[in-house]
Amino acid sequence: MSTEWQSSPPAADYGVDELMITTLADLFQDDDQVCNGMASFIPVAAFMLARLTHAPGLIWLASAAGLDPRPDRVPASTLEAPLWRDSVMYLEQYGDFWNYAMNGRWIEKFCVGAAQLDQYGNANNSVIGDDYHAPKVRLPGTAGLADMGSIGKKLYYWNSDHSPRTLVEKVDFISAAGYLDGGDARERLGLEGGPQLVISNLALMDFHPVSKKMRLKSVHPGITVDKLQDSTGFELLVPDGAIPETRPPTKAQVKLIREVIDPDEMRKRGFRTN
Amino acid sequence: MQEKITTLVEAAELVQDDDVVALQNMATQAAPMALVRELIRQEKRGLGLVVLVGGMAVDWLAAAGVIDRLIGAAVTMEQFGLCQQYRKAVESGWIKVEELSESLLNARLGAGARNLPFLPTRGAIGSDLIAQNPDNLKLIDDPFKGIQVVACRALVPDVALVHAHRADRYGNVQSEPTILWPDIGIMPKAAKCVIVTAEKIVDTDILRRNPDRTVLPGFIVDAVVEVPYGAHPTSFFPYYGYDSDFHRAWAEAARDDEKAASFMDRYVRTPLTQQEYLDAVGGAALLGRLENWEQRG
């Protein structure tokens with residue numbers, strides 16, 4: 001497998017889960033430090049793929065606690081011991097992990113999912129509805145995301161259900177700061193970093209450098225801009241000219257994902273079945 | 001040195017109605033579930049719960065009407081879904097939530113442990129968590145450079161409940177090599193009273209072989225109870241995995257109040273001892289599977 005992935009042709013047969021994994025994997029290089037939280041099958045598979053292909057020296061903190069682990073495959077939980085297998089170090093959370101995470105020098109990139117994400121990349125994992133104390137839906141809560149949103153991290157959002165329900169004009173509650181009201185609102189609070197990309201099951205999006213509005217970067221093969229706009233709860237910025245297609249996975253990448261990294265198809269959890 | 005060994009019943013009696021109780025728990029991991037069941041059997045009321053990431057324990061305490069407020073960063077059973085009884089209680093306004101990020105919670109507990117009025121963090125700035133919680137979080141200027149930080153008011157729980165691999169009769173607590181969440185790293189140090197359940201009570205000489213694995217000194221611990229499989233149905237690495245069938249059964253029952261109540265009668269209220277409980281959930285055959293980390297899905 002060592003070099004096959006480099007010359008491998010595009011896969012004819014792949015799923016959008018696999019495309020999301022390969023797109024995310026491309027973002028990580030040797031010596032980047034990355035970590036994952038709960039129910040994070042897509043990022044975990046992406047880290048494992050990057051380590052098996054272009055970034056063997058990627059430094060992964062499994063569950064933000066187990067340094068450079070060697071799980072034999074993606075397990076049923078991304079917050080349980082099988083993921084930390086053969087770690088080099090266990091990072092005690094209170095004293096250790098948050099020191100490295102808050103410091104600013106390390107763990108620059110962070111992958112995250114959100115129940116709602118708005119046009120300025122603000123995320124909501126807390127409550128749906130207007131009344132915080134009697135919400136329409138109580139979501140799990142922000143966990144470490146609110147911190148990651150404010151301490152200079154580059155945030156990469158993944159969303160397996162691109163819809164007006166999950167991509168909204170304004171989140172009901174800001175669990176983690178994105179670009180707030182847009183423009184320089186984030187900078188005025190002294191916050192660095194912020195959301196960089198949103199990888200959904202339909203498209204890849206980034207943020208306009210000035211207005212900080214979410215902007216289409218590439219559509220996944222077979223998806224039209226109209227379909228995308230209909231599936232988004234706000235007006236997505238669309239650059240002039242032809243919109244590029246997201247690069248599909250290669251044959252070798254798909255083979256690695258299916259046979260080595262995730263033979264139990266944990267990556268398909270979290271996708272809505274229609 | 002004072003001996004701390006007691007029973008689950010007596011240990012749970014240290015928790016008073018209306019107390020703020022910090023609970024070790026990470027989604028499907030490491031919760032002192034035997035203590036949680038005893039709190040429910042003793043019909044505690046008005047408890048506030050502090051959790052980093054609460055799981056089934058929170059759902060049971062919510063379903064039994066034991067807690068009416070929660071301070072924490074998340075509540076979920078991860079792959080087994082949201083805690084439905086808790087969710088319903090929050091949505092109806094019965095349980096009030098003070099949602100904190102991990103660094104906000106750690107700072108509040110850290111200040112409690114150090115007897116400081118507050119500790120600052122740079123986490124969560126720009127989020128609505130701060131404006132939502134003016135009693136405990138305030139943006140203040142760093143007196144040296146003038147940048148803004150969040151002052152997080154000290155949190156001193158009345159009681160901390162933790163589960164550990166082993167302890168001696170004096171309350172010295174040891175862990176096997178494992179991932180240590182802030183639960184045991186800071187909660188017991190901030191709390192006024194610490195109750196420990198341990199898989200095994202051992203002679204102090206056993207602890208002396210690996211003093212680097214002792215994580216809590218006996219002088220901060222008030223009660224120790226030997227409870228084998230005391231974290232079931234959550235996992236307790238490296239000893240045993242989470243019980244996936246049991247989690248799935250609860251997640252299903254929790255969607256319906258009557259089914260939830262009958263589930264709790266069967267597994268929480270009826271078995272009065274840990275052995276009765278372990279027999280009810282599947283006995284030796286189940287425990288053997290969990291020790292081999294044979295999860296079903």
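Residues numbered from 1 in each chain as written. Chains lettered and ligands numbered in written order. Predicted model: local features only at pLDDT ≥ 70, side-chain atom pairs only at ≥ 80, totals over all residues.

**Q** Would you mind going over the overall build of chain A in detail, with residue names and values included?
**A** Each helix and strand in chain A was counted, giving 8 helices and 14 strands. The C-alpha radius of gyration of chain A comes to 18 Å, within 12% of the 19 Å expected for a compact globule of 274 residues. Seen through its principal axes, chain A has C-alpha atoms that stretch 50 × 50 × 35 Å. Residue pairs at least 24 apart in sequence account for 68% of intrachain contacts in chain A once pairs closer than 6 positions are excluded. (Helix = DSSP H or I, 4+ residues; strand = E, 2+ residues; numbered from the N terminus. Rg over C-alpha atoms; globule rule 2.2 N^0.38 Å. Contact = placed C-beta atoms within 7 Å.)

**Q** An account of the nonpolar core is needed here, citing residue identities and associated values.
**A** One finds A45 and L49 of chain A together with L61 and V196 of chain B to be the most contacted residues of the largest nonpolar core, which totals 192 residues. The element that contributes the greatest number of residues to this core is helix α3 (residues 41–52) of chain A, accounting for 10 residues. (Core = buried A, V, L, I, M, F, W, Y, C linked by C-beta atoms within 7 Å. Buried ≥ 20, exposed ≤ 12 C-beta atoms within 10 Å, placed from the backbone.)

**Q** Outline the environment of A107 of chain B, supporting the account with residue identities and numerical values.
**A** All names here are of chain B. Among the secondary structure elements, A107 is positioned in helix α5 (residues 102–114). In the structure, A107 is positioned 56 residues away from V51 in sequence and 14 Å away in space, judged by C-alpha atoms. Contacts of A107, omitting those with residues within four sequence positions, involve L119, P120, T121 and C152.

**Q** Can you tell me about the sheet that holds strand β5 (residues 118–121) of chain B, naming the residues and giving the values?
**A** Strands belonging to one sheet form pairs held by backbone hydrogen bonds; the direction of such a pair is parallel or antiparallel. Residues and elements named next belong to chain B. Spatially, the 3 strands line up as an open sheet ordered β5-β7-β6, and their pairing is antiparallel. What marks the edges here is a single partner per strand, and that holds for β5 and β6 (137–141). Put simply, the sheet's adjacent strands are angled 35° from each other on average, direction ignored. For β6 and strand β7 (residues 148–153), the ladder comprises 5 bridges, and the chain directions are antiparallel. Across the sheet, residue K138 finds its bridge partner in β7, namely A151. Its contacts with the sheet put α5 on β5, β6 and β7, and the angle it makes with β5 is roughly 155°. (Pairing = 2+ DSSP bridges. Axes fitted to C-alpha atoms, helices over the stretch in contact; angles between N-to-C directions.)

**Q** Please provide a residue-by-residue account of the interface of chain B and chain A, values included.
**A** The interface is formed by 50 residues belonging to chain B together with 45 residues belonging to chain A. Counting residues per element, the ones that place at least two in the side of chain B that touches chain A are β3 (67–75), α4 (84–91), β4 (96–99), α5, α6 (128–131) and α7 (182–185) of chain B. Tallying contributions element by element places β3 of chain B first for the side of chain B that touches chain A, with 4 residues. Partitioning the side of chain B that touches chain A into residue classes produces 22 nonpolar, 20 polar and 8 charged. (Nonpolar A, V, L, I, M, F, W, Y, C, P; charged D, E, K, R; others polar.)

**Q** Can you tell me about unusual backbone geometry, naming the residues and giving the values?
**A** With omega at 10°, the peptide bond leading from H232 of chain B into P233 of chain B counts as cis. Positionally, P233 of chain B belongs in the loop between β12 (223–226) and α10 (244–253). The omega angle of the peptide bond from F237 of chain B to P238 of chain B is 0°, so this bond is cis rather than trans. A positive phi angle, close to 60°, is found at E265 of chain A, a residue other than glycine. Inspection of the secondary structure puts E265 of chain A in the segment after α8 (251–261). For E265 of chain A, a count of 13 C-beta atoms within 10 Å gives the class partly exposed. Although it is not a glycine, E43 of chain B adopts a positive phi angle of roughly 55°. Secondary-structure assignment places E43 of chain B in the loop between α2 (33–41) and β2 (47–54).

**Q** Just give me the short version of the confidence of the model for chain B, but keep the residues and values in it.
**A** Residue-level pLDDT values for chain B average 97, and 99% of them are 70 or greater. In the predicted complex, the global pTM is 0.97; the interface-specific ipTM is 0.95. (pLDDT = per-residue confidence, 0-100.)

**Q** How would you sum up the pairing of strand β1 (residues 20–23) of chain B? Please name residues and give values.
**A** All names here are of chain B. Relative to β2, β1 runs parallel, the two being bridged by 3 bridges. Note that in β2 the partner of A22 across the bridge is V50. Each parallel crossover has a hand, and the one from β1 via α2 to β2 is right-handed. (Right-handed = clockwise from strand over helix to strand, strands pointing away.)

**Q** How would you explain the sheet that holds strand β5 (residues 109–112) of chain A if you had to name every residue and give the values?
**A** All names here are of chain A. The mixed open sheet is built from 5 strands, whose spatial order is β5-β10-β12-β13-β14. Pairing within the sheet leaves two strands with one partner each, and these edge strands are β5 and β14 (214–219). The mean inter-strand angle of the sheet, taken between neighbouring strand axes irrespective of direction, is 25°. With 4 bridges joining them, β5 and strand β10 (residues 154–159) adopt parallel strand pairing. Along β10, the bridge assignment pairs C111 with Y156.

**Q** Break down α10 of chain B for me, with residues and values.
**A** Listed as buried for α10 of chain B are S244, F246, H247, W250 and A253 of chain B. Looking at the buried residues of α10 of chain B, the elements they touch are α3 (56–63), α11 (257–269) and α12 (274–281) of chain B.

**Q** Pulling in residues and values, what's your account of the pairing of β4 of chain B?
**A** All names here are of chain B. One ladder, built from 4 bridges, connects β3 with β4; its direction is parallel. The residue bridging L70 from the neighbouring strand is V97, located in β4. Taking the sense of rotation as the criterion, the β-α-β connection linking β3, α4 and β4 turns out right-handed.

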